[in-house]
Amino acid sequence: MTLSLNATVAAAAHETAEQLYAHIDISKLNWLEQQWVAWYLWIGNPIIATGLMSFLLHELVYFGRCVPWIIIDAIPYFQKWKIQPDKIPTAKEQWECTKGVLSSHFAIELPAIWFFHPMADALGLEMHQVPFPSWRIMLPQIAFFFVFEDFFHFWAHRALHTPVLYKHIHKLHHKYSAPFGLAAEYAHPAETFILGTGTLAGPLLWCYFRRDVHIVTVYIWITLRLFQAIDAHSGYDFPWSLRNILPFWSGAEHHDFHHMSFTNNYSTSFRWWDFIFGTDQKYREYRNRLAANKAVMKNKTKAEQNAAERKLLEEVEAEGHLAEAVAEGSAATGKTLKVQ
Ligand SMILES: [Zn+2]
Ligand SMILES: [Zn+2]
């Protein structure tokens, strides 16, 4: 292809946007591809154009996906599907969390996006290029990114629960024992870096071995990954939630338990690694207890059923606080990080 970027950043930076598209017939492109070209031509520098677009996309998708959850939290009707029904986050908590997430986006993700460009460029990731790849090329790549990230995250997350890493890094993300959408990326900078590696290493590896990845595929993947992470932290399990359609999909019901109990359920998208490695035993026991409780309380009033369910929730949460204190090496202190 005559459009390939020079391998080094310096060379790419000196190539004007007009030169990049010198041999392309714009009229043959679809609408989106034409906007893509227009963006690169307008910004004029491919490195800045890619970096800015990546950052804006991330902010737009992240906060855009959080808005429906903020609205749902404000409407009592939805409370019946809240996994920990008494733990609706307050506006103050959501604002504090937003500030934390924003500062990490600017301090960590913005420079990371900047450094990602030369690495991606050297590995041959297509960025300014048009036309975009077809769905037949994108789909297997996105499927691989999902499976790779989930596997990476499972082990990295387990490592983050070892005492030293927990105390100094992962504890921040566990501030919320009843998470909400905005808390998905509320984490220590080192955690953002470690777990972000799992999201970006899939595309870079595929690029290294196959060399046919376009950044638009990476953007679709990151959008889906953000939806997955925010929804998993939403705190709601609806009858129409994806995990009820795909039984191996983790969803909020799976990850909420991790925050509540501090243990079990380390993966992101899929349930299979926790099942295979037995790190979902407590979670499955808890589900069995919930089901048994439902059967026993069948003929009781709704208020009595809810009270019994809440008792079970409190037991798990108390066990979680103890487990966290043990991991921190300070079993006596307990924890005071409840979201009320
Ligand atoms: Zn954790
Ligand atoms: Zn989490």
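Residues numbered from 1 in each chain as written. Chains lettered and ligands numbered in written order. Predicted model: local features only at pLDDT ≥ 70, side-chain atom pairs only at ≥ 80, totals over all residues.

An unreviewed UniProt entry annotates the protein chain as Fatty acid hydroxylase domain-containing protein of Scleroderma citrinum Foug A. Quoted straight from UniProt, the Subcellular location (unreviewed entry) entry for the protein chain says "Membrane". (UniProt positions renumbered as here; feature names shortened; annotations may be inferred.)

What follows deals with the overall build of the protein chain. Within the protein chain, the secondary structure is distributed over 13 helices and 0 strands. Reading the protein chain from its N terminus to its C terminus gives the helix and strand order α-α-α-α-α-α-α-α-α-α-α-α-α. Computed over C-alpha atoms, the radius of gyration of the protein chain comes to 22 Å, within 12% of the 20 Å expected from 2.2 N^0.38 for 340 residues, which places it in the range of a compact globule. Dimensions of the protein chain, computed from the C-alpha atoms along their principal axes, are close to 75 × 40 × 40 Å. In the protein chain, buried positions account for 34% of the 340 residues. (Helix = DSSP H or I, 4+ residues; strand = E, 2+ residues; numbered from the N terminus. Rg over C-alpha atoms; globule rule 2.2 N^0.38 Å. Buried ≥ 20, exposed ≤ 12 C-beta atoms within 10 Å, placed from the backbone.)

As a further point, take the UniProt feature "transmembrane region" (unreviewed entry) in the protein chain. Per the UniProt entry, the sites bearing "transmembrane region" (unreviewed entry) are residues 37-57 in this numbering. With 90% helix and 0% strand, the stretch residues 37-57 has end C-alpha atoms that lie 17 Å from each other.

All right, on to the environment of Tyr-62 then. Along the chain, Tyr-62 falls in helix H4 (residues 46-74). Residue classification places Tyr-62 among the buried residues on the basis of 23 C-beta atoms within 10 Å. As for Tyr-62 and Leu-226, which are separated by 164 residues in sequence, their C-alpha atoms are 6.4 Å apart. Dropping the residues within four chain positions of it, Tyr-62 is found in contact with Glu-185 and Leu-226. (Contact = placed C-beta atoms within 7 Å.)

On to the nonpolar core, then. Formed by 37 residues in total, the largest nonpolar core has its most connected members in Leu-125, Leu-182, Ala-183 and Ile-230. If you tally residues by element for this core, the top one is helix H9 (residues 215-233), at 8 residues. Aside from chain neighbours lying at most four places away, what touches Ala-183 is Cys-97, Tyr-176 and His-233. If you look at the next biggest cluster of nonpolar residues, it comprises 5 residues, including Leu-20, Tyr-40, Ala-49 and Val-130. (Core = buried A, V, L, I, M, F, W, Y, C linked by C-beta atoms within 7 Å.)

What follows is about the packing of H9 against helix H10 (residues 251-261). Between H9 and H10, the shortest axis-to-axis distance is 7 Å and the interhelical angle comes to 60 degrees. One finds that H9 runs oblique with respect to H10. When you trace H9 past H10, the crossing you get is right-handed. Contact residues: Asp-231, Ala-232 and His-233 in H9; Gly-251, Ala-252 and His-255 in H10. Across the contact of H9 with H10, the residue classes tally to 2 nonpolar, 3 polar and 1 charged. (Axes fitted to C-alpha atoms, helices over the stretch in contact; angles between N-to-C directions. Parallel < 35°, antiparallel > 145°, perpendicular 65-115°, else oblique. Left-handed = near helix turned anticlockwise from the far one by under 90°. Nonpolar A, V, L, I, M, F, W, Y, C, P; charged D, E, K, R; others polar.)

Below, the discussion takes up the confidence of the model for the protein chain. Across the protein chain, the average pLDDT comes to 88, with 92% of residues at 70 or higher. Note on residues 1-14: pLDDT is under 50 here. Beyond four places in sequence and across chains, it has 20 contacts. Below a pLDDT of 50 lies the segment residues 334-340, which in the model reaches 15 contacts outside its immediate sequence neighbourhood of four places, other chains included. (pLDDT = per-residue confidence, 0-100.)

In an α-helix, one turn spans 3.6 residues, which is why side chains three or four residues apart end up on the same side. The terminal C-alpha atoms of helix H3 (residues 31-43), which comprises 13 residues, lie 18 Å apart, in line with the 18 Å expected from a rise of 1.5 Å per residue. Phi turns positive, to about 90 degrees, at Gly-44, one or two residues after H3. (Expected span 1.5 Å × (residues − 1).)

Attention now goes to the environment of Lys-175. Structurally, Lys-175 is set in the loop between helix H7 (163-168) and helix H8 (189-210). Judged by C-beta crowding, with 18 C-beta atoms within 10 Å, Lys-175 ranks as partly exposed.

Across the 11 residues that make up H10, a large majority, 11, are buried. Where H10 is concerned, the buried positions are Gly-251, Ala-252, Glu-253, His-254, His-255, Asp-256, Phe-257, His-258, His-259, Met-260 and Ser-261. Where H10 is buried, its residues meet H9, helix H12 (281-296) and helix H13 (302-327). Within two residues after H10, Phe-262 carries a phi angle of roughly 70 degrees, on the positive side.

Another point: unusual backbone geometry. That bond from Val-130 to Pro-131 is cis: its omega, 0 degrees, falls within 30 degrees of zero. The residue Pro-131 is located in the loop between helix H5 (91-123) and helix H6 (135-160) in this model. Phi at Phe-262 is positive, roughly 70 degrees, even though this residue is not glycine. Within the fold, Phe-262 resides in the loop between H10 and helix H11 (272-276). Of the residues examined, Phe-262 has 24 C-beta atoms within 10 Å and is grouped as buried. A positive phi angle, near 70 degrees, is found at Asn-264, a position not held by glycine.

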